[in-house]
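Remarks on the overall topology
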Amino acid sequence: MLRLENVHAYYGQSHVLQGISLQVQPGEIVGLLGRNGMGKTTTLKSVMGLVQIRAGRIQLNELTISRRPAHRIARLGIGYIPQGQRVFSELTVLENLQLGLSRGRLNGALLDKVTRPFPVLKERLTQAAGTLSGGEQQMLAIARAMLAQPKYLLMDEPTEGLMPSMVQALEDQINVMKSEGLGILIAEQNADTALRVCDRFYILEKGSVRAESLTHETSLEQLQKYLGIGL
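What you are looking at is a predicted structure, and each value in this text was computed from that prediction instead of being measured.

This part covers the overall build of the protein chain. Helix and strand counts for the protein chain stand at 9 helices and 10 strands. Relative to the compact-globule value of 17 Å for 231 residues, the protein chain shows a C-alpha radius of gyration of 17 Å, a close match. With respect to the three principal axes, the spread of C-alpha positions in the protein chain is 45 × 40 × 30 Å. In the protein chain, buried positions account for 51% of the 231 residues. Nonlocal contacts in the protein chain, meaning residues at least 24 apart in sequence, comprise 66% of its contacts between residues at least 6 apart. Approximately 10,900 Å² of the protein chain is accessible, and the part contributed by carbon and sulfur atoms is 48%.

Below is the structure:
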């Protein structure tokens, strides 16, 4: 289990996370919902050690990972896909994938495994990543993260800027990863996607969890109140 307990984090003097507590089980998709600036990205960065927390605890199973460096957290089995298609645009698709390996070499079997859900990547291994479409770059970011064979995956706004067909493909792949036992924590502004793929939600407001709900129990009123949207 991935668990945050009463986590506080700051940017300078700004108190961004104010006692965040949440958990993700293996094979579970959990959504972080909230308006911009409510602490979703900071929550993910805190788990990865990219933002140092000042209070509270973050655990992976029984191991406390708070304040460990990001590369060690990744090696413990947590993958991270940041907001935006964060690929190395001047490197080829294959070179980007090779950077996802925590150890060893990218052999044919492993390459086949991570590109099977995204056949377009297998067709463009020698193409510069920056020439891919936004959706294809997102696929590349996911495939690269999966090369480390994480137990948990953090995804920050994965559908941002994607056309509907790419969103559907991404949702399908998220469900496949869930079926394989991967625990996924998604910070998402697209409420439609969140309702379709997530098992549970935490709704953030001003750095705190204001509501928690199972997807089938999430009401329109909750979403309107905290996100300012209607469905």
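Structure's up, so let's keep going.
On to the side chain of Lys40. Relative to the helices and strands, Lys40 resides in helix α1 (residues 40-47). An unpaired buried charge is present at Lys40: no salt bridge exists, and Glu157, the closest side chain of opposite charge, is 4.1 Å distant. Residues in contact with Lys40, not counting those within four places in the same chain, are Leu32, Leu33, Gly34, Arg35, Glu157, Ala187, Glu188, Gln189 and Leu204.

Spatial ordering of the open sheet is given by β6-β7-β8-β3-β9-β10, a layout of 6 strands whose pairing is mixed. Each edge of the open sheet is held by one strand with a lone partner, namely β6 (78-81) and β10 (208-214). The sheet shows a mean angle of 15 degrees between the axes of neighbouring strands, taken without regard to direction. The pairing of strand β9 (residues 200-205) with β10 spans 6 bridges and is classified as antiparallel. From the neighbouring strand, Phe201 faces β10, where its bridge partner is Ser213. Contacting β3 (29-33), β7 (152-156) and β8 (183-187), helix α7 (residues 164-179) crosses the sheet at an angle of about 145 degrees to β8.

This paragraph deals with the pairing of strand β1 (residues 2-11). Judged from the 8 bridges that link them, β1 and strand β2 (residues 14-24) form a sheet pairing that is antiparallel. In the strand pairing of β2, Val7 is matched with Ile20. In textbook terms, the turn of a hairpin is the stretch between consecutive antiparallel strands, and for β1 and β2 this stretch comprises 2 residues, one of which, Gly12, has a positive phi near 65 degrees.

A volume near 560 Å³ is recorded for the largest pocket. Ala74, Tyr80, Leu99, Gly100 and Ala145 are the residues nearest the centre of the largest pocket, which is lined by 22 residues in total. At the level of elements, α2 (70-75), β6 and α6 (134-146) are the ones that each hand at least two residues to the lining of the largest pocket. Per-class residue counts for the lining of the largest pocket are 15 nonpolar, 4 polar and 3 charged. Of the voids in this model, the second largest pocket is the one considered here, and its volume is about 350 Å³. The wall of the second largest pocket is formed by 17 residues, among which Lys113, Met146, Gln173, Met177 and Glu180 lie closest to the centre. Counting only elements with at least two residues in the lining of the second largest pocket, the list comes to α4 (108-115), α6 and α7.

In this fold, Thr159 is placed in the loop between β7 and α7. Looking at Thr159, the relative accessible area reads 7%, which means it is buried.

Quick look at the pairing of β7 now. Burial analysis of β7 places 5 of its 5 residues in the buried class, the great majority of the element. A two-sided burial pattern is seen for β7, the buried positions comprising Tyr152, Leu154 and Asp156 on one face and Leu153 and Met155 on the other. Pairing geometry for β6 and β7, over 4 bridges, is parallel. Counterpart to Ile81 in the pairing with β7 is Met155. For β7 and β8, the ladder comprises 5 bridges, and the chain directions are parallel. Directly across from Leu154, in β8, lies its bridge partner Leu185. At this point the chain moves from β7, through α7, to the parallel β8, and the crossover so formed is right-handed.

What counts as what
Residues numbered from 1 in each chain as written. Predicted model: local features only at pLDDT ≥ 70, side-chain atom pairs only at ≥ 80, totals over all residues. Heavy atoms only, no water. Helix = DSSP H or I, 4+ residues; strand = E, 2+ residues; numbered from the N terminus. Rg over C-alpha atoms; globule rule 2.2 N^0.38 Å. Buried < 20%, exposed > 50% of the residue type's maximum accessible area, 1.4 Å probe, protein only. Contact = heavy atoms within 4.5 Å. Areas by Shrake-Rupley, 256 points an atom, 1.4 Å probe, with all protein chains shown as cover. Lys, Arg positive; Asp, Glu negative; His and termini not counted. Salt bridge = Lys/Arg side-chain N within 4 Å of Asp/Glu carboxyl O. Pairing = 2+ DSSP bridges. Axes fitted to C-alpha atoms, helices over the stretch in contact; angles between N-to-C directions. 1 Å grid on protein atoms, 1.4 Å probe; cavity = no way out; pocket = protein on both sides within 12 Å on 5 of 7 lines; lining within 4 Å. Points joined across faces, edges and corners; volume = space filled by probe spheres on them. Nonpolar A, V, L, I, M, F, W, Y, C, P; charged D, E, K, R; others polar. Right-handed = clockwise from strand over helix to strand, strands pointing away.

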